[in-house]
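Close look at the chain arrangement
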Amino acid sequence: MAVDLHKIEFIKAYLRLEFQDPYVLTVETLLRLRRNLRQAAKQVELLPAGLNGLAFDALFDPPVSPDPFARRRYQLPGPPFVIHPPLNLPLPAVIEGALQLPVVLFGQGTHLLRELCLAFQALGVRGFHRGEGFFELSAVDAEDLSGNRTCIWRQGGRTPLSVPLLNAGWWLDSFSAAPQICLQLHTPARLLSDGRPLFRPGFSALFPFIMRRVTAMVHAHCGQELVDDPGFYILACQQVRELENSLGWRDWRSLEGDGRRQDVGGVVGALTLSGGALQDVLWLLRLASLLNLGKGAAFGAGHLTISDKL
């Protein structure tokens, strides 16, 4: 590890979306938020009191590093926010009334919570997807290090309260040592190796994607080199014991055109892991649980959780 983890800051926010009518939320509509939210944000950008061009770019198209070494070492930077699918709702689900949508804002993205909320307010006027699912952003909660949530903004309320800012050092210290864990992918993670998707990866095939995602996000949005020797962690992941593996491919939508149909999906399922080498990589896995994995990670794809297994 080459960086002080206390310098990596993030916000865990919860957007309260009040739907006007019952709405069926599916994996497809959630994972297609990228286009819908960008279009809504683009509309807000045109309003006098809305997003300016710099904020729009910072939210959706963060700049590529001017450092040629960094461009070779890291993947293209993703947006500084990450939407987490609500795990208490097995999708598809009928939303009646409010939906609490968890969002993480990472590094420099911690200054863009207002702008992200403006984009969601505009999305509510347009509808969640294809003119359906109209909602209002009625409140925003934020979580502190103890897991307690505080309402920091409410529609029609007073000036927003200060946002609890977390850092990765404190956050990682809040977890106890875990000799055995369950890594679970809840939404499809589209992972490509040599241009081909992975269909049933083991941990040693999955881990490089995790490390690339975490190190790229830390470099792009925190300005930090997270690890000084990637080879150490690659070797460690190969020594982790894989007790169970239910990872597999799941299609979530189909594309049709030119008389052909193409299924689009990703990897979901769970891995049970143990062994002494697990402790060397576990902190990276926990950071990845904040950031999702694969194409469309910022918009809910590849959402993973880490839980202790007794």
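Here the structure is shown first, and the text comes after it.
To start, this report covers the structure provided alongside it. Model, not experiment: these values are computed from the prediction.

Section: the overall build of the protein chain
- Secondary structure assignment for the protein chain yields 9 helices and 15 strands.
- For a compact globule of 310 residues, the expected C-alpha radius of gyration is about 19 Å, and the protein chain comes in at 19 Å, within 12% of that figure.
- Among the 310 residues that make up the protein chain, the fraction classed as buried is 51%.
- Long-range contacts, defined here as pairs at least 24 residues apart, represent 72% of the contacts in the protein chain between residues at least 6 apart.
- On the protein chain, roughly 15100 Å² of surface is accessible, and the fraction owed to carbon and sulfur atoms is 50%.

Description of the environment of D229
- For D229, the position within the fold is in the loop between helix 7 (203-222) and helix 8 (230-238).
- Overall, the relative accessible area of 42% leaves D229 in the partly exposed class.

So, the pairing of strand 7 (residues 149-154)
- Here strand 6 (residues 135-143) pairs with strand 7 via 5 bridges, running antiparallel. Residue pairing in the sheet places E143 in a bridge with R149 of strand 7.
- Joining the antiparallel neighbours strand 6 and strand 7 is a turn of 5 residues, in which G147 adopts a positive phi near 90°.

Brief notes about the nonpolar core
- Ranked by size, the top nonpolar core spans 52 residues in total, and within it L226 and L285 carry the most contacts.
- Counting only elements with at least two residues in this core, the list comes to strand 5 (98-106), helix 6 (168-173), strand 9 (180-189), helix 7, helix 8, strand 14 (260-274), helix 9 (278-291) and strand 15 (304-308).
- Once residues lying within four places of it in the same chain are set aside, the contact partners of L285 are I181, L183, F203, F207, I210, L273, L278, L304 and I306.
- With 41 residues, the next largest nonpolar core counts I11, L17, A93 and A142 among its residues.

Parameters at a glance
Residues numbered from 1 in each chain as written. Predicted model: local features only at pLDDT ≥ 70, side-chain atom pairs only at ≥ 80, totals over all residues. Heavy atoms only, no water. Helix = DSSP H or I, 4+ residues; strand = E, 2+ residues; numbered from the N terminus. Rg over C-alpha atoms; globule rule 2.2 N^0.38 Å. Buried < 20%, exposed > 50% of the residue type's maximum accessible area, 1.4 Å probe, protein only. Contact = heavy atoms within 4.5 Å. Areas by Shrake-Rupley, 256 points an atom, 1.4 Å probe, with all protein chains shown as cover. Pairing = 2+ DSSP bridges. Core = buried A, V, L, I, M, F, W, Y, C linked by side-chain atoms within 4.5 Å.

The values reported here are purely geometric and, on their own, carry no functional implication.
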